[in-house]
Amino acid sequence: MTQAESIRLLQDIVRFKTENDQEALVAEYLQTVLQEHGIPSQLIELSPGRSKLVAELTNGPGKVLGLTGHMDVITASGHRIPMALTSWTEKCMAAAQQI
């Protein structure tokens, strides 16, 4: 994957509306990306709108490394906005690239 493809992937992920346990769309998107690269994966639905993505890469016997991360965010409404964010010139969910 090139650097430009990696940036585009991250931008796509940031643009998904995943507030308050709505991560199924990004899980499905990432599953498609994995499939495009020949990596088998499985979606596990926890509840409507909530899915976890599990993928496994193997290279024979040996040590195992597990990775996990959040695909959802909490809503920004009703929360204090840190001073640093008030000076942003772009909407944070727009995933605009600055050069």
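About the thresholds
- Residues numbered from 1 in each chain as written.
- Predicted model: local features only at pLDDT ≥ 70, side-chain atom pairs only at ≥ 80, totals over all residues.
- Heavy atoms only, no water.
- Helix = DSSP H or I, 4+ residues; strand = E, 2+ residues; numbered from the N terminus.
- Buried < 20%, exposed > 50% of the residue type's maximum accessible area, 1.4 Å probe, protein only.
- Areas by Shrake-Rupley, 256 points an atom, 1.4 Å probe, with all protein chains shown as cover.
- Salt bridge = Lys/Arg side-chain N within 4 Å of Asp/Glu carboxyl O.
- Pairing = 2+ DSSP bridges.

A. Region of interest: the overall build of the protein chain. Scanning the protein chain from N- to C-terminus turns up three helices and two strands. Taking all 99 residues of the protein chain together, the buried fraction comes to 16%. When the accessible surface of the protein chain is totalled, it reaches about 8,200 Å², and 57% of it is carbon and sulfur.

B. View of the pattern of salt bridges. According to the stated counting rule, one finds two salt bridges in the structure shown. With its nearest N and O atoms 3.1 Å apart, the salt bridge here joins Arg50 to Glu23. In this pair, Arg50 is assigned in strand S2 (residues 50-55) and Glu23 in the loop between helix H1 (3-15) and helix H2 (24-36), connecting sequence segments 27 residues apart. Owing to a relative accessible area of 0%, Glu23 belongs among the buried residues under this scheme. A salt bridge links Lys52 to Glu23; the nearest nitrogen and oxygen atoms lie 3.0 Å apart. Pair noted here: Lys52 is in strand S2 and Glu23 is in the loop between H1 and H2, with a separation of 29 residues, a long-range link.

C. The arrangement of the pairing of strand S1 (residues 41-47) in detail. Here S1 pairs with S2 via six bridges, running antiparallel. When the sheet's bridge partners are listed, Leu43 is paired in S2 with Leu53. A loop of two residues connects S1 with S2, the two strands running antiparallel in sequence, and Gly49 in this loop sits at a positive phi of about 85 degrees.

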